[in-house]
Amino acid sequence: MSTTARVLRKPDVTVRMEQALLAGIVLLLPIRAISPVVSSIVSIGVVLALPVLFVAVFRMPRYRAGGLVLTLFALILFTAPLLWFAADERTVSEDGALAAMLTIAVAFVHLSTLLWARSKIGTHLVVVLYAVGMIVQVLLTLSHTSGNPWKFGLAVPATLLALAIASRARPFWTVLVFAIAMALSIHFDFRSFVGLPLVALFVWAWNRRSAIAPGWKIFGFVLVSAVAYFGGTQAALAGWLGERNRIVTQMQIAESGSVLAGGRVESAAAWALFIERPIGLGPGVLPTVHDVLVGQAALLQRGVAIDGDYVTDYLFGAGVKLHSIAADLWVNYGLAGLGLALLILWIAIRALFQGLKERSTPGFVFFAVVLTLWNLAFSPIGTNLWETILMVAVLMGAQSYRAQPNAGATQSKAPQLTRFNTIPQRARAGH
């Protein structure tokens, strides 16, 4: 082999090694059951990502909203500990504080690494690898799934993995994946996960077939969400989603007037606590008797029994847990955490608009939008943060640009909007 040939092949080998390294890190990021440290938060993937974290962080501003995301994470890490000094008579749990700060730091490592990996191996492979890692994590911790692995672990990663694979095949397979996800959710009493794939399926199918303006498609998204909610409620009351769901739905409507108000009563406590203390509590800060009374008063107005284990042990036990990523970000990290939640909301909505501009947008993108919006409002940060971080990494692609395919060719000065299934990277002089 000539010297010229060796020189030409060397960069290609380096790129392949970089891609293989990133693929391995993405796969290992969510597998926390096998950790090199005594922690349920830090995975082997996180440890492997630390030496190259500077590169990943340096590339983050290339995404629209990347600079804002970077700024808000930095604000959280620097300002959240200041809430300890404003805790007044509240007690700070050292273990809780360490866990909260470690969680947000590791979340940043996940997001920055996933965005960097997207620019090197593509969105499709990132979703596949991370989803496989999440499935492995569930299989290694089956004892934490309360005897229902689909509902408490496998539903999201299995659906994402199948959708990512189906996006490379005929549309029929995407429809089939959504249908199977809904059927399994009915069988395993996962009521909310019946509606989420249904909404994503409708928006994806309508987007493929319709040439109307994105604004009307957004209207359709809101409309089908409402239809899915009210239709799902009636289906549950009729017993079509199983006897247990029928009984639970009847109880929630009788107590609070609606499934949302009765199913996620924590929102009442979250709003009451926000009005009482807008700056949040802080990482690891335990609620006072007054905080608990404020939250319980709001729950009583929803018709919730405040002497149950859920209220006393979960909501106001070891800290305040509000069963909402947005509310949990606020209560733990203050206004900077609330700002991050609002930014994630903006990223999801903007990604929905961008996705509706291209008929080729794959189904897993719309599923990511629906899941992100749901998790922000109704899912706890402790169990749903990592899947939400993956969703944000996917959806930030709608705000990014990509370089021309031929790196050696002269690049156009006008950046091109990326497709979700391509490799996103902003076209910049000198990069």
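(A) Local environment of the overall build of the chain. Across its full length, the chain carries 18 helices and two strands. Residues counted as buried form 49% of the 431 residues belonging to the chain. Put simply, of all contacts in the chain between residues at least 6 apart along the chain, 70% involve residues at least 24 apart.

(B) Spotlight on the packing of helix H7 (residues 150-166) against helix H8 (residues 171-187). Put simply, H7 and H8 touch, their axes get as near as 9 Å, and they point 170° apart. Taken together, the axes of H7 and H8 are roughly antiparallel relative to one another. On H8, the residues touching Trp150, Thr159, Ala162, Leu163 and Ala166 of H7 are Trp173, Thr174, Val177, Phe178, Ala181, Leu184 and Ser185. Class assignment for the residues of the contact of H7 with H8 results in nine nonpolar, three polar and no charged.

(C) Looking closely at the side chain of Thr145. Relative to the helices and strands, Thr145 resides in the loop between helix H6 (123-140) and H7. Classification of Thr145 by relative accessible area gives buried; the value is 4%. A distance of 2.6 Å separates a polar atom in the side chain of Thr145 from the backbone oxygen of Leu142. When neighbours within four sequence positions are excluded, Thr145 is seen to be in contact with Val138 and Phe152.

(D) The arrangement of helix H5 (residues 94-121) in detail. If you check H5, its first and last C-alpha atoms are 40 Å apart, about what 28 residues at 1.5 Å a residue would give, namely 40 Å. With respect to burial, H5 is a largely interior element, 20 of its 28 residues being buried. Phi turns positive one or two residues past the end of H5, at Gly122, with a value near 90°.

Criteria and cut-off values
Residues numbered from 1 in each chain as written. Predicted model: local features only at pLDDT ≥ 70, side-chain atom pairs only at ≥ 80, totals over all residues. Heavy atoms only, no water. Helix = DSSP H or I, 4+ residues; strand = E, 2+ residues; numbered from the N terminus. Buried < 20%, exposed > 50% of the residue type's maximum accessible area, 1.4 Å probe, protein only. Contact = heavy atoms within 4.5 Å. Axes fitted to C-alpha atoms, helices over the stretch in contact; angles between N-to-C directions. Parallel < 35°, antiparallel > 145°, perpendicular 65-115°, else oblique. Nonpolar A, V, L, I, M, F, W, Y, C, P; charged D, E, K, R; others polar. Polar contact = N/O pair within 3.5 Å; in protein donor to acceptor, adjacent residues only side chain to side chain. Expected span 1.5 Å × (residues − 1).

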